[in-house]
Amino acid sequence: MKTYDVIFIHPPRQIELEQSKLLKSYRSTYIFIPMGVFAIADFLEREGFGVEIINYPLEQYLNPNWSLKDYLRTIDFKICGIDLHWIHNAHGAIEIARTVKEVNPNSKIVLGGFSASYFHDQILKYYGVIDGVIKGEAEVPLLEFAQKTDRNQSLDSIPNLSFRTTSNHIKSNPIKYVAKSLDDLNFSNTKILKSAKQYFDCSRKIMGISFNVPIGRGCPFNCPFCGGGQRALQSVIGRSKVVLRNPEKVIEDITTIVDTYNVPSLFFGHGSYPATFKFWKTLFGLIQKEKIDIGGDLEIWRLPFPKEMWQIFYKTFPRRNSSISISPRTLSSKVHQRVMEICDPTFKFPKNQIEGLIKNANLYQRTLRIWLTAGFPFQSRLDVQKDFNFALKCMYKYGKTKSKPISIMIEPYHIFPGSPAFESPETFGINLNYNSFLQLKDFFKNNKMLFFYNAINYNTNIFSSATIRNLNKFLFFSTALTMITTGHKSPENNFKEKNAKYE
Ligand code: SF4
């Protein structure tokens with residue numbers, strides 16, 4: 001029997017998959033492991049602990065008859081860490097914890113990740129199988145948890161930990177650990193992941209992305225629906241500033257992964273905005289210097305994205321498997337203005353600058369994805385109609401020839417815990433349908449993984465959630481033609497890729 005000190009399990013969204021036959025085409029299975037899990041597991045391994053990462057949805061994808069229970073019976077372990085970063089995994093994370101405790105009642109179960117951090121008190125209150133939740137960044141807290149559990153010592157001084165005491169009380173230690181630098185962490189120790197080769201082989205097929213490259217932590221902005229913005233991170237996990245990795249360290253990860261696995265592209269886990277231009281120029285320069293022949297997917301978090309950035313992107317990455325994305329959500333300047341007044345003065349995506357991006361994407365022949373949403377706060381029916389007209393115009397102009405790499409991507413959005421709209425829905429003119437952990441867990445348990453990955457948990461003063469879902473579906477299919485010409489793939493494959501993103 002193999003013995004580990006700590007196992008990490010990436011939970012699925014749903015455990016009961018009657019539709020296992022359809023599983024292979026479902027992005028909702030969300031096989032991505034949050035990038036930090038690799039760094040935490042590696043950190044513990046370097047301190048002498050035996051670790052393994054198990055990706056439940058991947059194992060299920062590889063073998064629909066795979067059983068976590070059976071697998072756990074073949075190994076011994078003391079601690080089980082379960083990531084609950086994306087709230088979509090709330091039901092899966094709790095069910096996995098129950099299974100682990102059933103097989104190994106003496107093990108300690110610790111949850112981590114942004115959603116677990118946000119709901120730490122509710123999770124510990126309602127689920128006796130969970131022994132602790134680490135709030136925020138977890139390398140040092142989990143190491144101390146493993147050391148102190150091993151020595152049977154008090155957990156009172158472990159930073160960031162909320163836990164159940166021996167007298168069954170819930171204690172919440174303060175958040176004292178926020179990494180100042182990430183350069184001592186290793187994000188590419190993939191040998192500790194079960195089925196690592198299959199993970200990298202399948203990621204692009206299922207998720208449309210091959211390898212998420214860890215770039216840094218934090219974000220300086222506050223988009224209405226996002227739980228990863230500056231204020232949310234500050235209040236939930238204590239991170240007030242962005243920290244970026246040394247580009248030399250990022251290159252080490254990229255070469256390790258590219259040399260070991262057959263990955264066609266890299267997705268950068270941080271976006272472009274003026275304060276990061278220097279970082280991207282250095283990193284892309286290093287990719288060129290190392291002559292790494294691979295596609296790149298980069299997001300623009302805030303404009304501008306000047307011609308110089310297009311030039312360096314063009315020189316670094318081939319057209320195939322590369323893209324630049326921007327998410328204005330709507331082209332209505334009136335809507336952007338309201339968001340700027342309420343939560344983020346940088347939320348500006350003027351139409352002339354979007355048109356400038358389109359011009360440069362055509363000039364440099366690199367795919368540009370423009371992400372829109374029907375049902376964004378403050379959007380009127382007329383705004384949606386105008387966005388639809390814009391999408392149609394793009395389809396008409398760029399949907400007929402291979403040389404115009406513009407793609408309009410439509411998706412509904414989920415209002416994530418901790419986001420400005422979740423914290424203050426009335427300010428955004430929306431009603432949140434679910435806001436406690438119990439409600440959200442049930443919502444994701446019952447929400448079928450059908451068309452869109454994001455489950456709609458709100459309605460606006462104008463649109464009901466059903467209308468938001470249907471409008472996005474309608475717009476998605478209406479603009480499908482624009483992506484037929486993006487990239488250097490057959491139209492059929494490109495359409496499949498866009499569909500894969502939506503399950
Ligand atoms: S969606 Fe907005 S707030 Fe969230 S990570 Fe991206 S830029 Fe930052």
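Residues numbered from 1 in each chain as written. Predicted model: local features only at pLDDT ≥ 70, side-chain atom pairs only at ≥ 80, totals over all residues.

From N to C terminus, the protein chain includes 19 helices and 19 strands. Its C-alpha atoms put the protein chain at 65 × 50 × 45 Å along the principal axes. Expressed as a percentage of the 503 residues in the protein chain, the buried residues total 49%. Within the protein chain, residue pairs in contact and separated by at least 24 positions form 77% of the contacts whose partners lie at least 6 positions apart. (Helix = DSSP H or I, 4+ residues; strand = E, 2+ residues; numbered from the N terminus. Buried ≥ 20, exposed ≤ 12 C-beta atoms within 10 Å, placed from the backbone. Contact = placed C-beta atoms within 7 Å.)

A few words now on the sheet that holds strand β2 (residues 6-10). With mixed pairing, the seven strands of this open sheet are ordered in space as β3-β2-β5-β6-β7-β8-β9. Strands at the two margins of the open sheet, each flanked by one partner only, are β3 (51-55) and β9 (170-172). Strand-to-strand twist in this sheet, taken as the mean axis angle between neighbours without regard to direction, amounts to 20°. Against the sheet, helix α1 (residues 35-46) touches β2, β3 and β5 (79-83), its axis set at about 160° to β3. (Pairing = 2+ DSSP bridges. Axes fitted to C-alpha atoms, helices over the stretch in contact; angles between N-to-C directions.)

Below, the discussion takes up the sheet that holds strand β13 (residues 265-268). Strand order in this open sheet of six strands is β10-β13-β14-β15-β16-β17, and the pairing throughout is parallel. Of all strands in the sheet, those bounded by a partner on one side alone are β10 (211-213) and β17 (406-410). Across the sheet, the mean angle from the axis of one strand to that of its neighbour is 25°, orientation sign disregarded. Where strand β16 (residues 367-372) meets β17, five bridges bridge the pair, whose relative direction is parallel.

Next up on the list: the pairing of strand β6 (residues 108-112). Both faces of the sheet carry side chains from a regular strand, because those side chains alternate between them. Burial analysis of β6 places five of its five residues in the buried class, the great majority of the element. With burial as the criterion, each face of β6 is covered, one bearing Lys108, Val110 and Gly112 and the other bearing Ile109 and Leu111. Alignment of β5 against β6, held across five bridges, turns out to be parallel. Looking at the pairing, Cys80 lines up with Ile109 of β6. Crossover connection from β5 via helix α4 (residues 90-103) to parallel β6: handedness right-handed. (Right-handed = clockwise from strand over helix to strand, strands pointing away.)

Here we come to the domain arrangement of the protein chain. Frequently, the measure chosen for interface size is the accessible area removed from exposure when the parts meet. Each assigned domain of the protein chain is listed with its residue range as follows: domain 1 (2-172) and domain 2 (208-501). Centre-to-centre, using C-alpha coordinates, domain 1 lies 29 Å away from domain 2. Each partner contributes residues to the interface: domain 1 has 24 residues there, and domain 2 has 22 residues. Taken together, the elements giving at least two residues each to the side of domain 1 that touches domain 2 come down to α4, α5 (114-118) and α6 (120-126). Ranked by residue count, the leading element in the side of domain 1 that touches domain 2 is α5, at four residues. (Domains from an automatic or database assignment.)

This part covers the site of the ligand. Around the ligand, the surrounding shell consists of Cys219, Phe221, Asn222, Cys223, Cys226, Gly228, Gly229, Gly271 and Trp301. Among the residues forming the shell around the ligand, the class breakdown is five nonpolar, four polar and no charged. (Near = placed C-beta within 6 Å. Nonpolar A, V, L, I, M, F, W, Y, C, P; charged D, E, K, R; others polar.)

Here we come to the environment of Thr165. As for its position among the elements, Thr165 is in the loop between β8 (161-164) and β9. Residues Thr165 and Asp131 lie 34 residues apart in sequence; the distance between their C-alpha atoms is 8.6 Å.

Along helix α9 (residues 230-237), the positions that sit buried rather than exposed are Ala232, Leu233, Val236 and Ile237. Angular distribution of buried residues about the axis of α9 spans 95°; they occupy a single face of the element. Backbone geometry just downstream of α9 places Gly238 in the positive-phi region, at approximately 80°. (Arc of directions from axis to C-beta.)

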